[in-house]
Amino acid sequence: MLLFLLLAGCAQPAKPRRYLIGFAQCSVRGPWRKAMLAGMERELSFHPEVELRMLNSNDNSSLQQQQIRDLVRSGIDLLIVSPYESEPVTPAVEEAYRRGIPVVLLDRRTASQAYTAFVGADNVEVGQTAARYAARLLRGRGKVLEILGTPGSSATSGRHEGFAQALRDYPGLKVVSQVTGDWTEKILKAGLGDSLKAHPEVSLIFAHNDGMARGAYLICQQLKRAGKVRIIGVDGLASPGEGIELVQRRLLQASILYSPGGEDAIRTALKILHQQPFTKENILGTMVIDSTNVLTMRQQTDKMVSQQQDIERQQGFLQHLQATYASQQHALYGALASLLGALALGAFAWRSARKNRLINRQLALQNAENDKINRELTVKNEKISSQRNQLEVMAERARTDTEAKLRFFTNFSHELRTPLTLILGPVEELLGNSAGFSSPQRHDLGLVRRNTQRLLQLVNQLLDFRKIEVGKMAVHATEGNLVTFVREIVDAFEKPAHQRGVHLRFLAAEPVLLAWFDGNILDKVFFNLLSNALKFTPDHGQITVSLQSADDGRALQVSVSDTGRGISEQDRAHIFEWFYQGDQGAVAKGSGMGLALAQGLVRLHQGQLTFSSQAGRGSTFTVTLPRELPESLRADELSRPVVFALDEPEPLAAEMGVEESLAPAEAGSETLILVIEDNTEVNDYLMRKLGGSYRVQSATDGHTGFRLATELIPDLVVCDVMMPGLSGLEVVARLRADWRTSHIPVVLLTARGAAEQQLEGVQAGADLYLTKPFNPTFLLESVRTLLANRARQREHVRRQLSVDTATIQTNPDQKFLADLTATVEANLTKTDLSVEDVARSLGVSRMQLYRKVKAVLGTGVTDFIQGVRLTKARDLLLDDTLTIAEVAYELGFSSPSYFTASFRTRYQLTPSKFRALHTSSTH
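Computed from a predicted structure; not experimentally measured.

S.K.: Would you explain the overall build of the protein in this entry?
M.R.: Per the secondary structure count, the protein includes 30 helices and 24 strands. Looking at the 923 residues of the protein, the share that counts as buried comes to 45%. Across the protein, the fraction of contacts at a sequence separation of at least 24, relative to all contacts at a separation of at least 6, is 71%. Carbon together with sulfur atoms contributes 53% to the accessible area of the protein, which is approximately 48300 Å² in total.

Right under this line is the structure:
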């Protein structure tokens, strides 16, 4: 018993758990960094159970990133990071955070929200405090010079931003010059001296740290302006030669305190490690240190240093006592260990034999029980595995069924566009020439057009539904004025609202509210909301569209309010569901897609669509949109395809009686157009529409169409995209790859109107991409424009063509002209060189060669051969050793007189005069 009492008396109390904190420091240079480390050491002196392991990267982001990973691998309990640059160290900090290691950011933030706490001062507030103090010091009037830190650093940008913001409240204070000091005195001297000489009216200098402020004072002293120019610094450190001392010596007027935050970082870290409540964002306060409080600050600092020294002495004495206690304790433990060893050996020998027999019996029973449990687990695992396989099969079957349904909807919607083309096209043409129709007939035609366009709108909504479901609806946002955008949509509803006596109001809080948005997406959203509001508002009711800022200016809200019957309680939980049709009263039922589509599109835009309603008083739908969008949702030249496509007709335009009228294309009986369309009715329709102005050939599949294109060399091709065998995109690619047809403009027709599919057509080489149903007048005008553009390009090429080079926009055309020119030059001496000879050398027929040369150059093959000969003649005539007759025969002319006549016709002077003129100029 005495032995156990002795052991109990010698036992030490339980040791507190030890913690290892890693500190990734960007630099230890400079007094501010040293003050930060001193603060951390001062706070850690009260916690001997905490070890701080610090690594210094010397302002090297790559090295700091590696040091963070090294600290994580060393098994630290918490990580403190003072980033040199935000972006480069973000991945390493996120990696530590994902591993469950608490991360405390000190002084600067990273580019991510993956951190536990932040400790640091607000540089913007520092700049604002300096500006307000300067205004009070100069009584609101004076000229200011600002000394900036390192360009691009967060401290420089924040302090400058705050200083500039606060100065706006004092119009009498003007910043007349800025000098970059890069936080040091050396870089500062030359620039500051020149600036002070250039601006003798400067009465105050604001330096972004006390070191640059000290340098500014020395330069003012050299220029004999010390005392005339007041200087404000930043940091307010107590170390020798720093802010407090400079203010105390009257070298600086004031220093803005920028706390290093070392003690606060350690206190926050300890709260996290001890699982105590802590604040995630610890923004350190600031204050002005000037002549009114500098003595108090100095006394407080000196007292803190003295107390720290006393604590260090007491800790040293405590460590000495602990060492003495440990030495005595070890000696006592040695004696007790010997006594215990003798007793333990005897007891162990007796208990071992007894325990072995008991353990053997228990093991036998346990093994039998384990075997039984293993058999049961095997059976259960087999059942679970079987059930899991069944669930996977069912899930795959459900996914396949869902995909098949969505694919059916998409294909069905695409197929509807072709008959809609054959309905809407003739109707548009009849309405455009409706002078011979009676008023009831024109009304019936308008009825057909409106309902065709409504059907087209339903098809488009089905396609949008499909794209949202499969994640193919992309956002291409640009910055613009949302007020103007919404007002244009509201204006489109003004006429139908007026016809029913509905008062339509548009209220914007400001005339300009800029935001990033995709007009194609928001147009569908606001169109659906306004269509619903107009649909459910009774005659002589009121619709109000309002637009205002929200969330402290970070978002915009567009509200559409009506005075209709409201939404019933049972419908409110389902109105955003696809194909849901609630109680709509006497109003004609819709498709049940409009609101669901609007909500899906708003969510794609990272916004929210909400509503409120009161029975009998109307409803309000509110779209809340962020003013800023991520870079991934913003449009650029790569993500936003620029294509020429005819917009689908809007049902609202038809209801308002809007008619389109385009001038017919000029007739061109020599122009040949090839139509490639597998649908015989659409093929016949296109031939009839184009046949009035052009010669037209047709094909009903891609292979036949490409063959006819190479044989006939048409002036333009109109081709469908979705065809069996060879698709329209493949036809375009083959036409562009073949030099015989590479110059031919191509118009693609398709029922697929997505931006990605339009981009595919343009990338394949199409000149125009039209979606079905298309306006026939627009098609004719587009064909005329493409042919006119091709004629202008042909004239440009013909003017710039020479023997050596030709300016051609496409590589196949350039290769064709190079081969043609080489063939003609190789046979210049042949007087009987014919078009058939040239065509045979190039491996094409005479007609193909003629149409190709005519399409590219606008001239015949014989004229081209003559032009090459005459161009070559100019070079040969400069050689005095050749007679004019020799030049004529060298170039294949049948006689010198024919050569002379051809040369005079081309250049308006005879070969002899040309030689005399150029020979005299060279001599």
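S.K.: Would you mind showing me how to read the packing of aromatic side chains here?
M.R.: Any aromatic ring pair is given by two values, namely how distant the centres are and how the planes are angled relative to each other. Across all of its chains, the model carries 5 aromatic pairs by this definition. Members of the aromatic cluster, connected to one another through ring pairs, are Phe485, Phe517 and Phe526. The ring of Tyr258 has Arg159 sitting right over it, with the charged end atom 4.5 Å from the ring centre. Just above the ring of Trp516 sits the side chain of Arg634; from NZ or CZ to the centre is 4.1 Å.

S.K.: Would you mind showing me how to read the confidence of the model for the protein here?
M.R.: A low pLDDT score tells you not to read the predicted coordinates there in detail. In this model, the protein carries a mean pLDDT of 79, and residues with pLDDT of at least 70 account for 81%. Per-element mean pLDDT across the protein ranges from 37 in helix α18 (residues 651-655) up to 94 in strand β8 (residues 202-207). Taken together, the stretch residues 637-668 has pLDDT below 50 and engages in 66 contacts with residues farther than four places along the chain or on a different chain. Confidence over residues 802-809 falls short of pLDDT 50; this stretch has 17 contacts with residues more than four positions distant or in other chains.

S.K.: What is the right way to look at the sheet that holds β8 in this model?
M.R.: Consider a sheet: its strands pair through backbone hydrogen bonds, and that pairing is either parallel or antiparallel. A sheet is described by the order of its strands in space; here 6 strands give the open sequence β7-β6-β8-β9-β10-β12, paired in mixed fashion. The outermost strands of the open sheet, each flanked by one partner alone, are β7 (173-180) and β12 (288-290). Strand-to-strand, the axes of this sheet are offset by a mean angle of 20°, without reference to chain direction. In the packing of helix α8 (residues 210-222) onto the sheet, contacts are made with β6 (142-148), β8, β9 (230-235) and β10 (254-257), and the angle to β9 comes to roughly 160°.

S.K.: Explain unusual backbone geometry to me, please; I cannot follow it from the model alone.
M.R.: A negative phi angle is the norm for most residues apart from glycine, just as the trans form is the norm for most peptide bonds. The phi torsion at Asp551 lies on the positive side, around 55°, for a residue other than glycine. Here Asp551 is to be found in the loop between β16 (542-550) and β17 (555-562). The exposure class assigned to Asp551 is partly exposed, which follows from its relative accessible area of 47%.

S.K.: Would you mind going over the nonpolar core with me for this structure?
M.R.: In summary, soluble globular proteins display a tendency toward joint burial of nonpolar side chains. Of all hydrophobic cores here, the largest spans 47 residues; its most connected members are Leu482, Val486, Phe526 and Leu529. Put simply, the parts of the chain that give this core at least two residues each are α13 (482-492), β14 (503-508), β15 (514-517), α15 (519-536), β16, β17, α17 (594-604) and β19 (618-626). For this core, the leading source of residues is α15, giving 9 residues. Counting residues in hydrophobic clusters, the runner-up holds 45 residues, among them Leu78, Val119, Leu173 and Val288.

S.K.: What is the right way to look at helix α6 (residues 154-167) in this model?
M.R.: Because the α-helix completes a turn every 3.6 residues, residues three or four places apart line up on one side. Compared with an ideal rise of 1.5 Å per residue, which puts 14 residues at 20 Å, α6 spans 20 Å between its outermost C-alpha atoms and is within 8% of the ideal. For α6, the complete set of buried residues consists of Ala155, Thr156, Gly158, Arg159, Gly162, Phe163, Ala166 and Leu167. Packing partners of the buried residues in α6 comprise α5 (123-138), β6, β7, β8 and β9.

S.K.: I keep staring at the sheet that holds strand β22 (residues 716-720) and nothing clicks. Help me out?
M.R.: Strand order in the open sheet formed by 5 strands is β21-β20-β22-β23-β24, and the pairing between neighbours is parallel. Two strands close off the open sheet at either side, each with one partner strand: β21 (695-699) and β24 (768-771). The average undirected angle you get between the axes of adjacent strands in this sheet is 20°. Pairing between strand β20 (residues 672-676) and β22: 4 bridges, direction parallel.

S.K.: I tried to follow the pattern of salt bridges on my own but got confused; where do I start?
M.R.: Pairing between side chains of opposite charge can happen when the charged atoms of each approach one another. In this structure the tally under the stated criterion is 19 salt bridges. Across the pair Glu95 and Arg69 runs a salt bridge, and its minimum N-O distance is 3.1 Å. With a gap of 26 residues between them, Glu95 in helix α4 (residues 86-98) and Arg69 in helix α3 (residues 61-73) connect regions that are remote in the sequence. Judged by its relative accessible area of 24%, Arg69 is partly exposed. Note that Arg554 is salt-bridged to Asp551, the shortest N-O span being 3.0 Å. Here the salt bridges share partners, and the residues they tie into one network are Glu43, Asp264 and Arg267.

S.K.: How should the side chain of Thr116 be read in this particular structure?
M.R.: Positionally, Thr116 belongs in the loop between β4 (103-106) and β5 (117-121). Classification of Thr116 as buried rests on a relative accessible area of 15%. In this structure, Thr116 is in contact with Tyr97, Pro102, Val103, Ile272, Phe278 and Lys280, ignoring residues within four places of it in sequence.

S.K.: How should I be thinking about the environment of Leu173 in this particular structure?
M.R.: Structurally, Leu173 is set in strand β7. Distance in space between the C-alpha atoms of Leu173 and Arg139 is 9.2 Å, their sequence separation being 34 residues. When residues no more than four places from it in sequence are discounted, the contact partners of Leu173 are Ala134, Ala135, Leu138, Gly140, Arg141, Gly142, Val144 and Leu167.

S.K.: In this structure, what is going on with the packing of helix α7 (residues 188-198) against α8? I would like to understand it.
M.R.: How two helices pack is summed up by the angle between their axes together with the distance between the axes. α8 packs onto α7 with a crossing angle of 50° between their chain directions and a minimal axis gap of 10 Å. On the basis of their axis angle, the class for α7 and α8 is oblique. Handedness of the crossing formed by α7 with α8: right-handed. When α7 is examined against α8, the residues Leu188, Lys189, Leu192, Gly193 and Leu196 are found in contact with a partner set consisting of Met212, Gly215, Ala216, Ile219 and Cys220. Classifying every residue of the contact of α7 with α8 by side-chain character gives 7 nonpolar, 2 polar and 1 charged.

S.K.: When you look at the packing of helix α27 (residues 861-877) against helix α29 (residues 896-907) in this model, what are you seeing that I'm missing?
M.R.: α29 packs onto α27 with a crossing angle of 95° between their chain directions and a minimal axis gap of 11 Å. In terms of axis orientation, α27 runs roughly perpendicular to α29. Note on element contacts: α29 touches α27 through Tyr898, Phe899, Ser902, Phe903, Arg906 and Tyr907, opposite Gln866, Gly867, Leu870, Thr871, Ala873, Arg874 and Leu877. Tallied by class, residues from the contact of α27 with α29 come to 7 nonpolar, 4 polar and 2 charged.

S.K.: What exactly am I supposed to notice about α8 here?
M.R.: The first and last C-alpha atoms of α8 sit 19 Å apart over 13 residues, in line with the 18 Å expected at 1.5 Å per residue. Following α8 by one or two positions, Lys224 adopts a phi angle in the positive range, close to 60°.

S.K.: Even after reading the chapter, I still don't get the pairing of β4, so can you show me in this structure?
M.R.: By the alternation rule, side chains of β4 split into Val103 and Leu105 and Val104 and Leu106, which are all buried. Relative to β4, strand β3 (residues 78-82) runs parallel, the two sharing 3 bridges. Within β4, the position partnered with Ile80 by the bridge is Val104. As for the winding sense of the linkage, the β-α-β connection from β3 through α4 to β4 is right-handed. Here β4 pairs with β5 via 3 bridges, running parallel. Each residue of the ladder has a partner; that of Leu106, found in β5, is Val119.

About the thresholds
Residues numbered from 1 in each chain as written. Predicted model: local features only at pLDDT ≥ 70, side-chain atom pairs only at ≥ 80, totals over all residues. Heavy atoms only, no water. Helix = DSSP H or I, 4+ residues; strand = E, 2+ residues; numbered from the N terminus. Buried < 20%, exposed > 50% of the residue type's maximum accessible area, 1.4 Å probe, protein only. Contact = heavy atoms within 4.5 Å. Areas by Shrake-Rupley, 256 points an atom, 1.4 Å probe, with all protein chains shown as cover. Phe/Tyr/Trp six-rings, centres within 6.5 Å; stacked < 30°, edge-to-face > 60°. Lys NZ or Arg CZ within 6 Å of the ring centre and 35° of its normal. pLDDT = per-residue confidence, 0-100. Pairing = 2+ DSSP bridges. Axes fitted to C-alpha atoms, helices over the stretch in contact; angles between N-to-C directions. Core = buried A, V, L, I, M, F, W, Y, C linked by side-chain atoms within 4.5 Å. Expected span 1.5 Å × (residues − 1). Salt bridge = Lys/Arg side-chain N within 4 Å of Asp/Glu carboxyl O. Parallel < 35°, antiparallel > 145°, perpendicular 65-115°, else oblique. Left-handed = near helix turned anticlockwise from the far one by under 90°. Nonpolar A, V, L, I, M, F, W, Y, C, P; charged D, E, K, R; others polar. Right-handed = clockwise from strand over helix to strand, strands pointing away.

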